[in-house]
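Below are the chains, spelled out letter by letter.
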Amino acid sequence: MADDRNTPDQNEEFPTGLPEELRGLPEGVPRHDPDDRIESAVIRRLVGNWQRRATVKREEPDLDELFELDRPDYPEQILPFRDHPTFQALDPEKKTRLLSWSWIAYNRHTIMAEQKVANPAFALVMEGEYPQLQDESLNISLAQAMVDEQYHTLMHLNASAVTRRKRGWAMPDHELPISHTAREHLRLRESAEERWEASLTTLAFATVSEISINAYLDLLADDPDIQPINSSTARLHNRDEYCHASISAVLAEVVHDRLDEKKRRFFRDMLFEGLEAFVATDYTTWHRIMDLVGVEGGHEMLHDCQADRNRSRLVRDYTGLHTLIERMGVQDLVEFDWSKSHVAR
């Protein structure tokens, strides 16, 4: 790979001036309903974690007291093997453990998306990767979005921590592999020959992530049967992501319009590499969970699911990305089977 990534590409030329949509994101912690005791407890714990280093520890809400042991930690209906006989035949304890590991894996993969894709993409713009795409309001908006992502990371860390405490199972993150999307993003960045290729790869993956995550979060946020702390965490996260989806889509459109044709084509290619990565079921993680839980016949079950082409590949809704492609005016240049995306309701 070329080693010129520490110096800006002075040949980049972007017209100055930004659309109004790129101005102003809300500040602060995730928006919540103060009358919802679980949402309020999650937020107070979130803020309290930040205050511990600087102030005397104050009394904080005990999330453990809000945990309901008889609730599953993750929805069965969005598991890729939910209707397979092997899963259906699991004894209740193993099924509970598998759903808990599913929640831990979901939190870990969400954190990776925030830390390894979204925030690095926002930072690229702020750091001047596109020298003339600079605007004070834009940079403030992106900085606010990056703070949001840090809060989301802490929320999901807290959610995993209380799950471990209440279930009494260690379930360490490091036992799980890096998520499929993070691996694909890293692979494509490492294969880039030019600095701009690596940068556009990160921006493209972040675009796909930020404008497609809402449907998945909705399924967790709206599920009345799973652990209330978990659904509240997803709901709080989701409120910010609807805002991030808007800024990410407009930012991608603005950058695309200011690229030359070679770079536009590369950016579009990376958008669909990102889409393929997000659509794919992360079987590497599921295989590891089968080992951790000790599911007899679990690997065979996953092989059956992988071989079944009639199964939806992941619970995602790509309406937002489809709209972005249309706004870019390149829908006729795209070869992608939109039926690969599916939202199970």
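Everything that follows concerns the structure shown earlier in this document.
Because the structure is a prediction, the values reported are computed rather than measured.

1. What about the pattern of salt bridges?
Okay, step 1: Considering all chains together, one arrives at 11 salt bridges under this definition.
Okay, step 2: Between R97 and E93 there is a salt bridge, with the nearest N and O atoms lying 3.9 Å from each other. Of this pair, R97 and E93 both sit in helix α4 (residues 92-126), four residues apart, which is roughly one turn of that helix.
Okay, step 3: The salt bridge partner of E184 is R187, with a shortest N-O separation of 2.9 Å. One end of the pair, E184, and the other, R187, are both in helix α6 (residues 180-191), three residues apart, so they sit about a helical turn from each other.

2. Examining the packing of aromatic side chains
By convention here, two paired aromatic rings are described through the distance between centres and the angle between planes.
Okay, step 1: Scanning the model with the defined rule gives five aromatic pairs in all.
Okay, step 2: Clustering of aromatic rings is evident, with ring pairs tying together Y74, W103 and Y106.
Okay, step 3: The ring of F87 has K95 lying over it, and the distance from NZ or CZ to the ring centre is 4.7 Å.
Okay, step 4: Positioned above the aromatic ring of W169, the side-chain terminus of R97 is 4.1 Å from the ring centre.

3. Some words on the environment of H156
Okay, step 1: Topologically, H156 is positioned in helix α5 (residues 136-167).
Okay, step 2: Looking at H156, the relative accessible area reads 0%, which means it is buried.
Okay, step 3: C-alpha separation for the pair H156 and H109, spaced 47 residues apart in sequence, amounts to 9.9 Å.
Okay, step 4: Apart from the residues within four sequence positions on either side, H156 is in contact with Y106, N107, T110, I111, T233 and H237.

How each quantity is defined
Residues numbered from 1 in each chain as written. Predicted model: local features only at pLDDT ≥ 70, side-chain atom pairs only at ≥ 80, totals over all residues. Heavy atoms only, no water. Salt bridge = Lys/Arg side-chain N within 4 Å of Asp/Glu carboxyl O. Helix = DSSP H or I, 4+ residues; strand = E, 2+ residues; numbered from the N terminus. Phe/Tyr/Trp six-rings, centres within 6.5 Å; stacked < 30°, edge-to-face > 60°. Lys NZ or Arg CZ within 6 Å of the ring centre and 35° of its normal. Buried < 20%, exposed > 50% of the residue type's maximum accessible area, 1.4 Å probe, protein only. Contact = heavy atoms within 4.5 Å.

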